[in-house]
There are 2 protein chains.
Amino acid sequence: MNDEDNTPARRTRRGSGAVTLHDVARLAGVAPITASRALNTPGQVSKALLEKVNDAVARTGYVPNRMAGGLASARSRLVAALVPTISGPVFMETVRSLNEALAAQGYQLMLGQSGYADSREDALLDAIISRRPDGIVLTGIMHSPEGRKRLLAAGIPVVETWDLTPTPIDMLVGFSHVDVGRAVVDFLYARGRRRLAVIAGDDERSKRRQQAFQAAAHAAGLGEVAVVIVPAPTTLKSGRSALLQLLQTSPGLDAVFCSSDLLALGVMTEAQWRGIKVPEQLAVLGFGDLEFAADLQPALTSVRIDGMAIGRQAAQFIVDRAEGRPVDTRVVDVGFSIVPRDST
Amino acid sequence: MNDEDNTPARRTRRGSGAVTLHDVARLAGVAPITASRALNTPGQVSKALLEKVNDAVARTGYVPNRMAGGLASARSRLVAALVPTISGPVFMETVRSLNEALAAQGYQLMLGQSGYADSREDALLDAIISRRPDGIVLTGIMHSPEGRKRLLAAGIPVVETWDLTPTPIDMLVGFSHVDVGRAVVDFLYARGRRRLAVIAGDDERSKRRQQAFQAAAHAAGLGEVAVVIVPAPTTLKSGRSALLQLLQTSPGLDAVFCSSDLLALGVMTEAQWRGIKVPEQLAVLGFGDLEFAADLQPALTSVRIDGMAIGRQAAQFIVDRAEGRPVDTRVVDVGFSIVPRDST
DNA sequence: ATGAAAGCGCTAACAA
DNA sequence: TTGTTAGCGCTTTCAT
């Protein structure tokens, strides 16, 4: 019966039971907002106060509730990344460096798997938008008009990656797959290869490289380019069987461009098994330059993409935007390089 | 001045500007809570009302704000996964199936990278706890007392995975690394191998397998087991150089157990390069049974872990707990199997 | 440098 | 079946 207990039928709604900023503030003998400032903008607060609050935090084991903070400030410090498949090695470097760069600046990464096929993508987008992330990183370009519309409507900064397009939704960091296809033809041509083949995953970017490859080979006056399309995600196994298929349909090949290093490893494995000498009889070129490429026997020539740089730049874009820093550029082309090794 | 607007100094605080449940409710001509029910528990509202609300949602493009929902309901529908490294292939299957199982039930996955070394882990834990996830999945066991304390204090359901321990924090789904080490010795012994070696990553679980392997070999009356420890994460390259080292220090080996398939591929690559016949002269056994293992030449014998089952079970544990379903078990041993192939 | 008031967008608790 | 009220835990705005 201490005081003012004439409240009418008190509604109780106990929260999570966790320590709140209120508890910390009470223990420190200050107002909640002051405790908040001590934690978020320590420069604005007197030294003595800072100490009291930090002490109270340590004693209570307080961990802020960022759902509440995000709701109040309209800044979630959450970033979403959409990848075609979580277990594929290709984008993992990007996701890792993205995560590291974000974590270092107090942002948390959410992962969404879109699948190589664009089914169900709308539901995934809604699930992500409903968290109000401060940014969304797409591996690849968003093509579906519905998806673009939803992203635009949500007003969330978007970074498309691993590709270039003249019509990005917002920001873009990638490279030209068409240029890759061309460059690989040049590379092989310069090394005397004339009977070229491609093994490509059936995802959109691989096919773009493959088509550019064919066009460039044609332009160079080379004969028909043999093509095998394999389902994405690509595997060692599909590399093996694709080579088999090529050997049957187009004997006399002297070079194969594979749309992934795993595919290339499959080709090399099958070639070796059949007694086909790499590179003497057959040059093999991969894509992605995964860590193992350099250490294969023979070492695999591969198209190197700096996936870490892509992740870092994407993080930079989003954090800059979230912190309200002015942006000079919205598009970064990280390029690519062909790392020549023994397989060609 | 102008008129009798005696509202006391209206404080304005415009939100994100996005469509809110209020807007939807107003458009549908109902109370906000009713719109909320139409969306979350459609079974509780009349058919006509449901239609009106859905219509309003479609017309406004409303996407719920789950930060607000989570704050109000103390259920974030967010799950955090901690992995030692994002680009490692081993846990990716688990993360993928975890994500798929969670997404199917309306939960979102957050990723955190703990690193194989336990530095900075506390900060990461706080970052995660501050989001108030409905569950935390650890790949591996949480050993640091400080980490255990924080997790316990947070009161968030925890699933430790990929290992067994008599003292789990909460829930557990894994298998015995000690049993793996023993089983591999039995397997090799039964195939007539007597001069055994191990190549192990320097992470805790690999070392546990390696030690059990050594102990079992000793118990079986085999001579000294040659051991090479390589830094985690393991690579093809370290497999190659580890074999080199073994050949120099312990010639006459007839079997190598590698703590990852990538390591095993490195061993096979180096062996082939040096003209050592696998399996005739040297049996090679991997761990993880990654997709490529079966398609190598020779096909790689490997310890198969059902990483997808681990992810699914972890998701099940957490969702059951979040939905308040009774839990019968807290520990699941998914076991393992040795898949015999040509390399042994 | 510190505090009071208000409200972010939603749902639990209590009516009717 | 639908509505009213009161917060969830934090930060913005405004005042001192």
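As recorded in an unreviewed UniProt entry, chain A goes by LacI family DNA-binding transcriptional regulator and comes from Polaromonas aquatica.

(A) Looking closely at the overall build of chain A. Within chain A one finds twelve helices and twelve strands. The C-alpha radius of gyration of chain A comes to 27 Å, more than 25% above the 20 Å expected for a compact globule of 344 residues. Taken over 344 residues, chain A has a buried fraction of 53%. Of all intrachain contacts in chain A linking residues separated by at least 6 positions in sequence, the fraction that spans at least 24 positions is 68%. Total accessible area on chain A stands at roughly 15600 Å², and carbon and sulfur atoms take up 51% of it. Side chains of chain A give 38 positive and 36 negative charges; the mean places of these two sets differ by 3 Å.

(B) Just the relation of the copies chain B and chain A, in detail. In the superposition of chain B on chain A (RMSD 0.1 Å, axial shift 0.0 Å), the rotation amounts to 180 degrees. Seen this way, the second copy is the image of the first under a two-fold rotation axis. Within chain B, B:Met110 has its C-alpha nearest the rotation axis, a separation of 2.2 Å. Mapped onto chain A, 100% of the interface residues of chain B again fall at the interface, so both copies present the same surface.

(C) Spatial organisation of unusual backbone geometry. A cis amide bond, omega 0 degrees, links B:Ala232 with the succeeding residue B:Pro233. You can see B:Pro233 is positioned in the loop between β7 (226-230) and α10 (236-249). With a phi close to 50 degrees, A:Arg132 is a non-glycine residue in the positive phi region. Here A:Arg132 lies in the loop between α6 (121-129) and β3 (135-139). Phi angles above zero are rare outside glycine, and B:Ala74 is one such case at about 60 degrees. Within the element layout of this structure, B:Ala74 appears in the loop between α4 (66-73) and β1 (78-83).

(D) Spotlight on the packing of aromatic side chains. Residues and elements named next belong to chain B. Under the defined criterion, the tally for this structure stands at eight aromatic pairs over all chains. Ring centres of Phe175 and Phe287 lie 6.4 Å apart, and the angle between their planes is 40 degrees; this geometry places the pair in the tilted category. With a gap of 112 residues between them, Phe175 in the loop between β5 (171-174) and α8 (177-190) and Phe287 in strand β9 (residues 283-287) connect regions that are remote in the sequence. Of the two residues, Phe175 and Phe287, both sit in the buried class. Over the ring of Tyr189 we find Arg194; its NZ or CZ atom is 3.6 Å from the centre of that ring.

(E) Fine view of empty space enclosed by the protein. What the rule picks out here adds up to one cavity of 30 Å³ or more. Residue assignment for the lining of the largest cavity shows that the elements contributing at least two residues are α4 (66-73) of chain A together with α4 of chain B.

(F) Molecular detail of the UniProt feature "domain: HTH lacI-type" (unreviewed entry) in chain A. According to UniProt, the "domain: HTH lacI-type" (unreviewed entry) feature falls on residues 19-73 of chain A. Helix makes up 71% of residues 19-73 of chain A and strand 0%, with an end-to-end C-alpha separation of 20 Å.

(G) Focus on the protein's contact with DNA strand C. The full set close to DNA strand C counts 31 residues, and A:Thr34, A:Arg37, B:Leu21, B:Ser36 and B:Tyr62 are the nearest of them. Of all atoms in DNA strand C that approach within 4 Å of the protein, 65% are sugar or phosphate atoms. With respect to DNA strand C, the backbone of B:Leu21 contributes an N or O atom lying 2.4 Å from a phosphate oxygen. Taking B:Asn65, its main chain carries an N or O atom lying 3.3 Å from a phosphate oxygen of DNA strand C. For the surface near DNA strand C, the secondary-structure elements that each account for two or more residues are α2 (32-40) and α4 of chain A together with α2 (32-40) and α4 of chain B.

(H) Looking closely at the protein's contact with DNA strand D. Around DNA strand D sit 31 residues in total, of which A:Leu21, A:Ser36, A:Tyr62, B:Thr34 and B:Arg37 are the nearest. In DNA strand D, atoms within 4 Å of the protein come 64% from sugar and phosphate. Separating a phosphate oxygen of DNA strand D from a backbone N or O atom of A:Asn65 is a distance of 3.2 Å. One of the backbone nitrogen or oxygen atoms of B:Ser46 is found 2.9 Å away from a phosphate oxygen of DNA strand D. Among the secondary structure elements, those contributing two or more residues to the surface near DNA strand D are α2 and α4 of chain A together with α2 and α4 of chain B. No other element matches the four residues that α4(A) contributes to the surface near DNA strand D. Within the surface near DNA strand D, the residues separate by chemical class into 13 nonpolar, twelve polar and six charged.

(I) Quick peek at the sheet that holds strand β9 (residues 283-287) of chain A. All names here are of chain A. With mixed pairing, the six strands of this open sheet are ordered in space as β7-β6-β8-β9-β10-β12. Two strands in the sheet have a free side with no partner beyond their single neighbour: β7 (226-230) and β12 (337-339). Pairs of neighbouring strands in the sheet enclose a mean axial angle of 20 degrees, with direction left out of account. Summarising the sheet, strand β10 (residues 301-304) and β12 pair through three bridges and their orientation is antiparallel. The residue of β12 that forms the bridge with Arg304 is Ser337. Those strands touched by helix α10 (residues 236-249) are β6 (196-201), β7 and β8 (255-258), and its axis lies near 150 degrees from that of β7.

(J) The domain arrangement of chain A, seen in detail. Domain annotation of chain A identifies domain 1 (21-60), domain 2 (78-175 + 307-335) and domain 3 (177-304). A straight line from the C-alpha centre of domain 1 of chain A to that of domain 2 of chain A covers 36 Å.

(K) Spatial organisation of the pattern of salt bridges. All names here are of chain A. Taken as a whole and assessed by the stated rule, the structure comprises 36 salt bridges over all chains. Among the salt bridges present, the one from Glu100 reaches Arg96, with a minimum N-O distance of 3.6 Å. Of this pair, Glu100 and Arg96 both sit in helix α5 (residues 92-104), four residues apart, which is roughly one turn of that helix. Three or more residues joined by partner-sharing salt bridges are found here, namely Asp126, Glu146, Lys149 and Arg150.

(L) Focus on the interface of chain B and chain A. Facing 50 residues of chain B, the contacting portion of chain A comprises 50 residues. Summing the contributions of chain B and of chain A, the shared interface buries around 4800 Å²; its carbon and sulfur component is 57%. In this assembly, chain B and chain A are joined by zero salt bridges. Linking chain B with chain A are 23 residue pairs in polar contact (both at pLDDT 80 or more). Looking at the side of chain B that touches chain A, the elements that each hand over two or more residues are α4, α5 (92-104), β2 (108-113), α6 (121-129), α10 and α11 (261-273) of chain B.

(M) Representation of the sheet that holds strand β6 (residues 196-201) of chain B within the structure. Residue and element names in this part refer to chain B. Here we have six strands laid out as an open sheet, ordered β7-β6-β8-β9-β10-β12, and mixed in their pairing. Unpaired on one side and paired on the other, β7 and β12 (337-339) mark the two borders of the sheet. In this sheet, neighbouring strand axes are inclined to one another by 20 degrees on average, regardless of whether the strands run parallel or antiparallel. Strands β6, β8 (255-258), β9, β10 (301-304) and β12 of the sheet are contacted by α8, whose axis makes an angle of about 160 degrees with β9. Each of β6, β7, β8, β9 and β10 is contacted by α11, which is oriented at about 155 degrees to β9, the strand it contacts most.

(N) Structural context of the environment of B:Leu196. Residues and elements named next belong to chain B. Relative to the assigned elements, Leu196 resides in strand β6. Its relative accessible area of 2% is what places Leu196 among the buried residues. Considered as a pair, Leu196 and Val79 are 117 residues apart in the sequence and their alpha carbons are 42 Å apart. Residues in contact with Leu196, not counting those within four places in the same chain, are Val185, Leu188, Phe213, Ala217, Leu222, Glu224, Val225, Ala226, Leu253, Asp254 and Ala255.

The rules behind these values
By convention here, each chain's residues receive numbers from 1 onward along its written sequence. Whichever chain is written first becomes A and whichever ligand is written first becomes 1, with later ones labelled in order. Residues qualify for local features only when their pLDDT is at least 70, as the model is predicted, and side-chain atom pairs are given and counted only at 80 or more; totals for whole chains, interfaces and linings, by contrast, use all residues. The side-chain values count all of the structure's non-hydrogen atoms but skip hydrogen atoms and water molecules. Counting from the N terminus, the helices are DSSP H or I runs at least four residues long and the strands are E runs at least two residues long. A radius of gyration in this sense is built from C-alpha atoms; the matching globule rule multiplies 2.2 Å by the number of residues raised to 0.38. We call a residue buried when its accessible area falls under 20% of the maximum for its residue type, exposed when it is over 50%, and partly exposed in between, using a 1.4 Å probe and counting protein chains only. Contact criterion: two residues are considered in contact whenever any of their non-hydrogen atoms come within 4.5 Å of each other. The method behind every accessible area is Shrake-Rupley, applied with a 1.4 Å probe, and residues are considered shielded solely by the protein chains displayed. Note that His is not counted, nor are the chain ends; the positive residues are Lys and Arg, and the negative ones are Asp and Glu. Charge positions come from single atoms, namely NZ of Lys, CZ of Arg, CG of Asp or CD of Glu. For this overlay, a least-squares fit was computed on C-alpha atoms, restricted to residues scoring pLDDT of at least 70 in both copies. Pairing of aromatic rings covers Phe, Tyr and Trp, the last counted by its six-membered ring, and requires centre-to-centre distances within 6.5 Å; plane angles under 30 degrees mean stacked, over 60 mean edge-to-face, and any other angle means tilted. Definition used: whenever NZ (Lys) or CZ (Arg) falls within 6 Å of the ring centre and also within 35 degrees of the ring normal, the charge is taken to sit over that ring. Cavity: a set of points on a 1 Å grid over the protein atoms alone where a 1.4 Å probe fits but cannot get out. Pocket: an open set with protein on both sides within 12 Å along at least five of seven lines, its lining residues, like those of a cavity, having an atom within 4 Å of a point. Grid points are joined across faces, edges and corners, and a volume is the space filled by probe spheres set on the points. UniProt positions are given in the numbering used here, feature names are shortened, and annotations may be inferred rather than shown by experiment. We define proximity as follows: a residue is near a molecule or strand when any one of its heavy atoms falls within 4 Å of that partner. Identification of polar contacts relies on pairs of N or O atoms within 3.5 Å, with a donor-acceptor requirement for protein atoms, meaning one able to donate a hydrogen and the other able to accept it, and with residues adjacent in sequence counted only if both atoms are side-chain atoms. All residues other than Ala, Val, Leu, Ile, Met, Phe, Trp, Tyr, Cys, Pro, Asp, Glu, Lys and Arg, Gly among them, are scored as polar; the first ten of these are nonpolar and the last four charged. A strand pair is defined by DSSP finding two or more bridges across the two strands. Axis geometry follows a simple rule: fit a line to the C-alpha atoms, using only the stretch in contact for helices, then measure angles between N-to-C directions, giving values from 0 to 180 degrees. Where a domain begins and ends is set by an automatic assignment or by a domain database. Any carboxyl oxygen of Asp or Glu within 4 Å of a side-chain nitrogen of Lys or Arg constitutes a salt bridge here. Put simply, buried area is the surface a 1.4 Å probe can reach on two separate parts but cannot reach once they are joined, added for both.

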